[in-house]
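The lines below spell out each chain.
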Amino acid sequence: ERSGTRARGVRVGGKSSRVRVVPLGAKTAEWLGGWRARLETAPSPAWRLVQDVSRERATLAVDRDGERDLAARSEVVRGSATAHHRGPGRTDVLALGALECHRAATGAALGACDPLEPAGRVGVRWRASDSVSLLANGGRFARAPTLGERYGSSPLVRGNAALRPERSLNAD
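As the structure is a computational prediction, the values presented were derived from the model and not from experiment.

(A) Expanded view of the nonpolar core. Membership of the largest hydrophobic core is limited to five residues, which are A58, L60, A72, L147 and Y151. Elements with a minimum of two residues in this core: strand 4 (47–64) and helix 1 (147–151).

(B) Structural detail: the state of the cysteines. Tallied over the full model, the rule gives one disulfide. Covalent S-S linkage joins C101 and C113, the inter-sulfur distance amounting to 2.0 Å. Because the torsion about its S-S bond is -105°, the bridge between C101 and C113 counts as left-handed. A residue pair is termed long-range when its members are at least 10 positions apart, and C101 in strand 6 (residues 91–105) and C113 in the loop between strand 6 and strand 7 (116–127) qualify at 12 residues. Judged by its relative accessible area of 34%, C113 falls in the partly exposed class.

(C) Region of interest: the environment of E100. Topologically, E100 is positioned in strand 6. Measuring from C-alpha to C-alpha, the distance between E100 and A142 comes to 8.9 Å, with 42 residues separating the pair along the chain. Residues contacting E100, with those up to four places away along its chain left out, are V77, R78, P115, L116 and E117. In terms of polar contacts, E100 uses its side chain to reach the side chain of R78, at 2.8 Å.

(D) Expanded view of the pattern of salt bridges. A full pass over the atoms with the stated rule returns 15 salt bridges. R125 serves as the salt-bridge partner of D92, at 2.5 Å between the closest nitrogen and oxygen. Here D92 is found in strand 6, whereas its partner R125 is found in strand 7, with 33 residues between them in sequence. Judged by relative accessible area, which is 3%, D92 ranks as buried. Of the charged contacts, one joins R143 and E149 as a salt bridge, the two residues approaching to 2.8 Å between their closest N and O atoms. A single network of salt bridges, built from pairs that share partners, joins R36, R38, E40, R48 and D52.

Conventions used here
Residues numbered from 1 in each chain as written. Predicted model: local features only at pLDDT ≥ 70, side-chain atom pairs only at ≥ 80, totals over all residues. Heavy atoms only, no water. Core = buried A, V, L, I, M, F, W, Y, C linked by side-chain atoms within 4.5 Å. Buried < 20%, exposed > 50% of the residue type's maximum accessible area, 1.4 Å probe, protein only. Helix = DSSP H or I, 4+ residues; strand = E, 2+ residues; numbered from the N terminus. Disulfide = S-S within 2.5 Å. Contact = heavy atoms within 4.5 Å. Polar contact = N/O pair within 3.5 Å; in protein donor to acceptor, adjacent residues only side chain to side chain. Salt bridge = Lys/Arg side-chain N within 4 Å of Asp/Glu carboxyl O.

Rendered as structure tokens:
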């Protein structure tokens, strides 16, 4: 756990749970910070449920020819829910659903979500023995462009403000 983490035990449906609010530390000089809240519950020995909500903010300033040409800001709000079921036999199932709202702007106000991106995945593990497992996964993923990719990160790298999120369907 990071310093500054606040954890508190709560009761949900008669079961013990933990709630954490984590102030996120600086990743880069441009990163403004954020927070994450997590609720973990175990309604039975076979089930583990986790709900997460987070918010991150960043800013970017690009100086070209000694003058400030661009200042951009972004915000990402993310919500997710995960369910892990450990079966009575040798099979585990993990499912995750998430929504992400990416907002970026060069003006004073951040606009609406650009766009609201759903993501999800399901995984199954079958334990053939203590040392051998077979895994199968499938999911839908999305990745929004960074501020540097959209607006440039230096006087030489210009960026492309029209970039859209990358999306994929994966299975393995």
